[in-house]
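Structural characterization, general
In case you want the letters, here they are:
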Amino acid sequence: MTAPTRDAKDRFTGRVDDYVRARPGYPQTIVDDLAAAGILFPGAVVADVGSGTGISSELFLARGFAVVGVEPNAPMRTAAETALTRYPRFCSQPGSAEETGLPDASVDLVVAAQAFHWFDGARTRAEFRRILKPSGWLALIWNARRSSGTAFLEAYENLLLEFGTDYAQVGHRGVGAERLAALFGGPFTTRRYDNRQKLDFAGLRSRLLSSSYIPAAGEPAHAAMLDRLAAIFETHALDGQVEFLYDTEVHIRQLRAG
């Protein structure tokens, strides 16, 4: 149940501004469906673990739910606190999936969006069981970027394969059903939603540089990578934009405290 943990908590330091500018949001239908299933209800408290810059927290805050963000990376946590100041029901604190710092049986739903692949599975399961109320639920969310289907998506994927430092070793694609079942403690439900994101070149550049497996400025191949990105944009942009397509995956199960 373990995941790659090498510098996982610090991988995005230095990439926060690009992350804020260019990472996609999540479909509001996710909240609608969780509410329709009775998983979310008036007064429910959500723990967003690995809350990052607050993209996933805002999904629930916008619908009036209280959210506590737990994020180990200080620059990302600060970005979330700055972006979400208009939501009085948001608070955040340092912590990790393995040690959230939250009280026992204090939340109704734990959410980990674009994050679980960085967690230690066994320790995370024990911690989530501790902080959830007896009837609490767990939802793991990913925006799974499509790597094929259009010429742009395929060109972008090839760029990542060529220039990514450890692209093949990290990310949610390597999690697999077995590791998810081990976390949930049995069968779980998966829902999928279409999601789209259009970006101009500045946005596309930030989208690329927000990825932790991409050479940063000053590192070998950084300049060549950006030249390739510019060529991809020039070839595939329509009306000054390119379009990413995502399959937003939500894996859910009640995770009873014990």
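Provided above is the structure to which this section pertains.
A few points on the structure. Predicted model, so just to flag it, every value in this text is computed and none were measured.

**Quick look at the pattern of salt bridges**
Evaluated as defined, the whole model comprises twelve salt bridges. Of the charged contacts, one joins E127 and R130 as a salt bridge, the two residues approaching to 2.8 Å between their closest N and O atoms. With E127 and R130 both in helix 5 (residues 121–131) and three residues apart, the pair spans about one turn of that helix. Judged by its relative accessible area of 8%, E127 is buried. R130 gets classed as partly exposed once you look at its relative accessible area, which sits at 30%. Salt-bridge contacts for E162 lead to R228; the nearest nitrogen and oxygen are separated by 2.6 Å. Of the two residues, E162 sits in helix 6 (residues 151–163) while R228 sits in helix 9 (residues 222–236), which places them 66 residues apart along the sequence. For R228, a relative accessible area of 35% gives the class partly exposed. Through salt bridges that share partners, D104, E127 and R130 make up one connected network.

**Some points on the sheet that holds strand 6 (residues 189–199)**
The seven strands are arranged 3-2-1-4-5-7-6 in an open sheet whose pairing can be described as mixed. Among the strands making up the open sheet, the edge pair consists of strand 3 (90–93) and strand 6. For this sheet the average axis-to-axis angle between neighbouring strands, irrespective of direction, equals 20°. Across five bridges, strand 1 (residues 45–49) lies against strand 2 (residues 66–70) in parallel orientation. Directly across from V46, in strand 2, lies its bridge partner V67. Docked against the sheet, helix 5 engages strand 1, strand 4 (107–113) and strand 5 (132–145), running at close to 130° with respect to strand 5. Helix 8 (residues 201–209) contacts strand 5, strand 6 and strand 7 (242–254) of the sheet and is inclined by roughly 135° relative to strand 6.

**Let's talk about the environment of A113**
For A113, the position within the fold is in strand 4. For the pair A113 and E249, spaced 136 residues apart in the sequence, the C-alpha separation amounts to 9.7 Å. Here A113 is in contact with Y26, D48, V49, G50, S56 and I141, once residues within four sequence places are set aside.

**Brief notes about helix 8**
One turn of an α-helix holds 3.6 residues; hence residues three or four places apart share an orientation. Along helix 8, the positions that sit buried rather than exposed are G203, L204, S206, R207, L208 and L209. Buried residues along helix 8 sit in contact with helix 1 (16–22), strand 5, helix 6, strand 6, helix 9 and strand 7. Capping the start of helix 8, D200 holds a side-chain oxygen 3.3 Å from the backbone nitrogen of A202, two or three residues further along.

**Points about the side chain of H222**
Note on placement: H222 falls in helix 9. Within the local environment of H222, its side chain forms a polar contact with the backbone nitrogen of A217, the two atoms lying 3.5 Å apart. If we ignore the near neighbours within four places in the chain, the residues touching H222 are L209, P215, A216 and A217.

**A closer look at the packing of helix 6 against helix 8**
Contact geometry of helix 6 with helix 8 gives a least axis separation of 12 Å together with a crossing angle of 40°. One element, helix 6, and the other, helix 8, form an angle in the oblique class. Judged by the sense of rotation from one axis to the other, the crossing of helix 6 with helix 8 is right-handed. Counted together, F152, Y156, L159 and L160 of helix 6 and L204, R207 and L208 of helix 8 form the full contact between these two elements. Residue classes in the contact of helix 6 with helix 8 are distributed as six nonpolar, no polar and one charged.

What counts, and where the lines are drawn
- Residues numbered from 1 in each chain as written.
- Predicted model: local features only at pLDDT ≥ 70, side-chain atom pairs only at ≥ 80, totals over all residues.
- Heavy atoms only, no water.
- Salt bridge = Lys/Arg side-chain N within 4 Å of Asp/Glu carboxyl O.
- Helix = DSSP H or I, 4+ residues; strand = E, 2+ residues; numbered from the N terminus.
- Buried < 20%, exposed > 50% of the residue type's maximum accessible area, 1.4 Å probe, protein only.
- Pairing = 2+ DSSP bridges.
- Axes fitted to C-alpha atoms, helices over the stretch in contact; angles between N-to-C directions.
- Contact = heavy atoms within 4.5 Å.
- Polar contact = N/O pair within 3.5 Å; in protein donor to acceptor, adjacent residues only side chain to side chain.
- Parallel < 35°, antiparallel > 145°, perpendicular 65-115°, else oblique.
- Left-handed = near helix turned anticlockwise from the far one by under 90°.
- Nonpolar A, V, L, I, M, F, W, Y, C, P; charged D, E, K, R; others polar.

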